[in-house]
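# Residue-level structural notes
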Amino acid sequence: MIYTISVLRKERGAKETYWESFLFESETGHDTVASALRALNAREPLTNATGTPVRKIEWECSCLQKRCGACAMLVNGRPRLACDARLSEFSDGSVQLKPLKKFPTVSDLTVDRSILFENLKTLRLWLRTDSELTDRDRELAYASSECIQCGCCLEICPNFYAGGRFCGMATVPITTRLLVEMPTKEAKEIAKRYVKHTFEGCGKSLACRDVCPRKIDTEKLMVNANALALWKRKRRKNDHQ
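Just so we're clear, the structure is a prediction, and the values are computed from it rather than from any experiment. (Residues numbered from 1 in each chain as written. Predicted model: local features only at pLDDT ≥ 70, side-chain atom pairs only at ≥ 80, totals over all residues. Heavy atoms only, no water.)

## Examining the packing of aromatic side chains
What describes a pair of aromatic rings is the distance from one ring centre to the other and the angle between the planes of the rings. This is how the line gets drawn: Two aromatic rings, drawn from Phe, Tyr or Trp (for Trp, its six-membered ring), form a pair once their centres lie within 6.5 Å of each other, and the interplanar angle then sorts them: stacked below 30 degrees, edge-to-face above 60, tilted otherwise. Runs of H or I in DSSP of at least four residues are treated as helices and runs of E of at least two as strands, each being numbered from the N terminus. Burial classes: relative accessible area under 20% of the type maximum marks a residue as buried, over 50% as exposed, and values in between as partly exposed (1.4 Å probe, protein chains only).
One pass over the structure, following the stated rule, counts one aromatic pair. Measuring from centroid to centroid gives 6.2 Å for Phe103 and Phe160, while their planes differ by 45 degrees, and the two rings are tilted. Here Phe160 lies in the loop between helix 4 (152–155) and helix 5 (172–181) and Phe103 lies in the loop between strand 5 (94–98) and strand 6 (105–107), a separation of 57 residues in the sequence. Taken individually, Phe103 and Phe160 each receive the classification buried, so the pair is uniform in this respect.

## A few points about the nonpolar core
Selection criterion: To form a nonpolar core, buried Ala, Val, Leu, Ile, Met, Phe, Trp, Tyr and Cys residues must be joined to one another through side-chain atoms within 4.5 Å. Residue contacts are counted whenever heavy atoms from the two residues lie within 4.5 Å of one another.
Counting residues in hydrophobic clusters, the biggest one holds 68 residues, and the most contacted among them are Ile5, Val33, Met73, Val95 and Leu97. Beyond its immediate stretch of four places on either side in the chain, Val95 contacts Tyr3, Thr4, Ile5, Ser6, Val33, Val75, Asn76, Leu87 and Phe90.

## Section: the environment of Glu189
If you trace the backbone, Glu189 turns up in helix 6 (residues 184–197). A sequence separation of 134 residues divides Glu189 from Arg55, and the C-alpha atoms of the two residues are 49 Å apart.

## Some details on helix 6
Short version of the rule: Take the number of residues in a helix, subtract one, and multiply by 1.5 Å to get its expected span.
With 14 residues, helix 6 extends 20 Å between its outermost C-alpha atoms, agreeing within 8% with the 20 Å of an ideal straight helix rising 1.5 Å per residue. All of the buried residues along helix 6 are Glu186, Ala187, Ile190, Ala191, Arg193, Tyr194, Val195 and His197.

## Side note on the environment of Ser26
The condition that has to hold: Any pair of N or O atoms that falls within 3.5 Å is considered a polar contact. Within protein, one atom must be able to donate a hydrogen and the other to accept it, and sequence-neighbouring residues count only if both atoms are side-chain atoms.
Mapped onto the secondary structure, Ser26 falls in the loop between strand 2 (18–25) and helix 1 (33–41). Judged by its relative accessible area of 1%, Ser26 is buried. Sequence separation between Ser26 and Ile2 is 24 residues, and the spatial gap between their C-alpha atoms is 6.3 Å. Aside from chain neighbours lying at most four places away, what touches Ser26 is Met1, Tyr3, Asp31 and Leu87. A distance of 2.6 Å separates polar atoms of two side chains, one belonging to Ser26 and the other to Asp31.

Here it is as structure tokens:
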């Protein structure tokens, strides 16, 4: 089957965007958006649907196995990993690719997601001492470690925007894991920052629930993070009164 892959393009340093279409033939339909983009860029020269030679399509990829999150983009309007979107899903043969909108576009499908890591620094989400993980908490810690920081959850979140105080769902898995692993004193410090930058800004729309490429139960993690950061902290405080 021949697919028409339309890419919203933007040259580095430019403000204008434009659509450009490419034709790609898939014999089995098992090709992914990522493999199609790689095949297109391997052409010498790369030509668009009208046969005009054009520059290579800029996009990011690394593992191509849903483990790094680098290839996150909008596929037919939905935040997806390019390596996890099979062409066979698009029976009409039309595939539209756009960069994630919540992050500054660098060029074509490449965006600057540095805000993800800036938010981790804002919440200071790293271990400073040996962890204190118990058997009871291992399942929760394991589920939390599945997050690959792709940004799909932030793309669909109505409350998140780059540079805002609200850090969004992307910080919840790491926060949850650290809250169950860190000593009580350090966990309390993280809890305070979590309440300020995540809990207070979340509208509980749970739009992130269905877009995670790792199938993380974001609702469950948020419930646990809220319990660890706020409700249990309040109970501990009341216990000492």
